[in-house]
Amino acid sequence: MTVSPSRRRFLNTTLGVSAMALTATPFITQAGATTATASSAASAADSSDTLTIALGQLAVADQWQDNAAQCSHLIQQAAQQGADLLIMPEAILAADIGDPECVRRSAQPLDGPFMQQMLKATLQVPLTVVFTLYVPADAQRVGNVQVALRQGRIVATYHKLHLYDAFTMQESQSVEPGKTLPPIFDVAGMKVGMMTCYDLRFPEEAKSLALRGAELIVLPAAWVRGPNKERHWETLIAARALDTTCFVAAVSECGPHTIGCSMVADPMGLVVARAGETPTLVTARISRQRLAQARKALPVLTNGRFKAPELA
């Protein structure tokens, strides 16, 4: 991205940050994988000020064993690339859009064989791993539960609030909604809030996380293809970043019915890393210095006149 002299002067005077701090430097690390550093300011910052995020984009197979193997490989890749945090898609146990019973049939408890394999894969790596899976709830429905794993244990869980009863889908037929606000957990000194897929369309949830201290919002998803859906995805990611002045890291499955296009937006809504439509691992380095600069320039969290959102 080329920054004009007038744009550079605006950025320097308005944000107190060089224009280069708002640009990404992409390069190819493997077939179809684009990696980006969030900014040159992040590169120059002390390592304690930065967090390296890996976006593990995959096509979910219909057998959990195949998905466990894919995920274990991504965990090792992300660790080798020095990531602090790996985000993978929503519902990675199994997927078959042509089989409505797949969701219920594939569900496993949080101490089931899939999770045991994931916990084992994280045991020896200095890495936090986030994804969602379906867990049994009752005879008719399952729960869509996001988990954060670190060194062989679960450090946070979130039961998806907003179910995708939109367009041609009816997620509530097989999934029960959560009843509590998502938690915030710590990764390398940064406060991380959890959202899942369709939650992205509800700014109140993101604002609630930011007002409770979140600096980064992670969003595993299986964003379904359709007219303008890629545009919705990127627009909403940027909007939630701007609503909250948080970094937003969103990872979608890239199967035949989902878009991929995983990305990271910075607190000013700029996309600083993105993937295409195929399986890949993308990394981005984000900076607390950049977060502080954005919140000083755009203090929406303190300027707001509304009460903090509450769960109905």
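Residues numbered from 1 in each chain as written. Predicted model: local features only at pLDDT ≥ 70, side-chain atom pairs only at ≥ 80, totals over all residues. Heavy atoms only, no water.

(A) Spotlight on the pattern of salt bridges. Enumeration according to the criterion identifies 9 salt bridges in this entry. Here Glu171 and Lys160 are joined by a salt bridge, their closest N and O atoms 3.0 Å apart. Of this pair, Glu171 sits in the loop between strand 7 (153-159) and strand 8 (175-176) while Lys160 sits in the loop between strand 7 and strand 8, and the two are 11 residues apart along the sequence. Comparing Glu171 with Lys160 shows no difference in burial state: the two are buried. Look at the salt bridges and you will find they share partners, linking Glu90, Lys160 and Glu171 into a network. (Salt bridge = Lys/Arg side-chain N within 4 Å of Asp/Glu carboxyl O. Helix = DSSP H or I, 4+ residues; strand = E, 2+ residues; numbered from the N terminus. Buried < 20%, exposed > 50% of the residue type's maximum accessible area, 1.4 Å probe, protein only.)

(B) Representation of the confidence of the model for the chain in the model. Scored by pLDDT, the chain comes out at a mean of 87, with 85% of its residues at no less than 70. Contacts for the low-pLDDT stretch residues 1-45, under 50 throughout, to residues beyond four places or in other chains number 86 contacts. (pLDDT = per-residue confidence, 0-100. Contact = heavy atoms within 4.5 Å.)

(C) Inspection of the sheet that holds strand 11 (residues 216-221) at higher detail. Read from one edge of the open sheet, 6 strands run 9-10-11-12-13-14, paired in mixed fashion. Looking at the sheet topology across the chains shown, the edges are occupied by strand 9 (184-187) and strand 14 (271-274). The sheet shows a mean angle of 25 degrees between the axes of neighbouring strands, taken without regard to direction. The pairing of strand 13 (residues 263-265) with strand 14 spans 3 bridges and is classified as antiparallel. Residue pairing for strand 14: Ala265 is matched across the bridge by Val271. Against the sheet, helix 7 (residues 229-244) engages strand 11, strand 12 (247-252), strand 13 and strand 14, with an angle of about 155 degrees to strand 12. (Pairing = 2+ DSSP bridges. Axes fitted to C-alpha atoms, helices over the stretch in contact; angles between N-to-C directions.)

(D) Up close: unusual backbone geometry. The backbone of Cys197 sits at a positive phi, close to 45 degrees, despite the residue not being glycine. With relative accessibility at 7%, the residue Cys197 sits in the buried group. Here Asn228, not a glycine, exhibits a phi torsion of approximately 65 degrees, which is positive. Locating Asn228 in the fold gives a position in the loop between strand 11 and helix 7. Its relative accessible area of 52% is what places Asn228 among the exposed residues.

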